[in-house]
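Observations on the model geometry
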Amino acid sequence: MPSAKKHAGRARQRLDGSQDASLQAGRPDQQVAEAFTAAARTGYTRRMLQLLAPDCVRDAEAALLPPGARTTVVGALDIATETAHHRDRIQAACRIVLNGEPMYLIAPGGHPLATIGISTAEGKVTKILLRSARADDDFARTAPSPAPAYRRRDP
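The model shown is predicted, which means the values in this text are computed figures rather than measured ones.

Cut-offs used in this document
Residues numbered from 1 in each chain as written. Predicted model: local features only at pLDDT ≥ 70, side-chain atom pairs only at ≥ 80, totals over all residues. Heavy atoms only, no water. Helix = DSSP H or I, 4+ residues; strand = E, 2+ residues; numbered from the N terminus. Buried < 20%, exposed > 50% of the residue type's maximum accessible area, 1.4 Å probe, protein only. Contact = heavy atoms within 4.5 Å. Pairing = 2+ DSSP bridges. Salt bridge = Lys/Arg side-chain N within 4 Å of Asp/Glu carboxyl O. Core = buried A, V, L, I, M, F, W, Y, C linked by side-chain atoms within 4.5 Å.

Each helix and strand in the protein was counted, giving six helices and seven strands. Start at the N end of the protein and walk to the C end: the helices and strands fall as α-α-α-α-β-β-α-α-β-β-β-β-β. A burial count over the protein gives 36% of its 155 residues as buried. In the protein, the share of contacts with a sequence separation of at least 24, taken over all contacts with a separation of at least 6, comes to 57%.

The element strand 3 (residues 93-98) is largely enclosed, with a buried count of five among its six residues. Both strand 3 and strand 4 (residues 101-106) contribute to a ladder of six bridges, which runs antiparallel. Counted as the bridge partner of Cys-94 is Leu-105 from strand 4. Between strand 3 and strand 4, which follow one another and run antiparallel, lie two residues, and Asn-99 among them has a positive phi close to 50°.

What follows concerns the environment of Ile-128. With respect to the helices, strands and loops of the structure, Ile-128 is situated in strand 6 (residues 124-132). Residue class for Ile-128 comes out buried when judged on its relative accessible area of 5%. In sequence terms Ile-128 and Thr-72 are 56 residues apart; their C-alpha atoms lie 9.8 Å from each other. Apart from the residues within four sequence positions on either side, Ile-128 is in contact with Phe-36, Leu-52, Val-57, Arg-58, Asp-59, Ile-79, Ile-116 and Gly-117.

To continue, consider the pattern of salt bridges. Taken as a whole and assessed by the stated rule, the structure comprises three salt bridges. A salt bridge links Arg-58 to Glu-82, with the nearest nitrogen and oxygen atoms 2.6 Å apart. Residue Arg-58 is found in strand 1 (residues 52-60), and its partner Glu-82 is found in helix 5 (residues 76-85); the two are separated by 24 residues along the sequence. Accessibility expressed as a relative area gives 2% for Arg-58, which makes it buried. Here Arg-134 and Glu-61 are joined by a salt bridge, their closest N and O atoms 2.8 Å apart. With Arg-134 in the loop between strand 6 and strand 7 (139-141) and Glu-61 in the loop between strand 1 and strand 2 (72-74), the pair connects residues that are 73 residues apart, well separated along the chain. On the basis of relative accessibility, which here comes to 37%, the residue Arg-134 falls in the partly exposed class.

With 29 residues, the main nonpolar core has Phe-36, Met-48, Leu-52, Ile-116, Ile-118, Val-125 and Ile-128 as its most contacted residues. Counting only elements with at least two residues in this core, the list comes to helix 3 (30-42), helix 4 (45-51), strand 1, helix 5, strand 4, strand 5 (114-121) and strand 6. The element best represented in this core is helix 3, accounting for six residues. Formed by six residues, the second largest nonpolar core is a distinct cluster that contains Cys-94, Ile-96, Met-103 and Ala-107.

Residue position: Asn-99 is located in the loop between strand 3 and strand 4. Each C-alpha atom of the pair Asn-99 and Asp-138 lies 5.4 Å from the other, and the pair is 39 residues apart in sequence.

Here five bridges tie strand 1 to strand 6, and the two strands are oriented parallel to one another. Paired with Ala-60 across the bridge in strand 6 is Leu-130. The pairing of strand 5 with strand 6 spans eight bridges and is classified as antiparallel. Each residue of the ladder has a partner; that of Gly-117, found in strand 6, is Leu-129. As consecutive antiparallel partners, strand 5 and strand 6 are separated by two residues, and within that stretch Glu-122 has a phi angle of approximately 50°, a positive value.

And the structure:
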């Protein structure tokens, strides 16, 4: 009888999604991150706006930005606009696992420059973290990012 109650409890958790939510807490939704980076590679601002949470935050190390640029940008429109301007860098990015976390590595010419961490919640990008690649980073390449299904760019 106790094992039947345990199985019933587990079934209820699966049905109401509470177990899945606890397993996914703190993990980026890889499909959302991939869709965002695909849109960023092509400069497809409209698609980026669909994927960014309205109050999304982009946080970057000052060394990775032009002089005088803001290290923190808040808001989907500002982030999408800025991202579209830097699509050439994003085109040089590949998916990796860094210190056990999935993210992207910008490595023009095969030289690690920066990492991009993407956090998600409820199917939207909530935070983008850009930091310089470091000598002590433990990189592990994952499967190649799929080519974007579209080549459209907003004017």
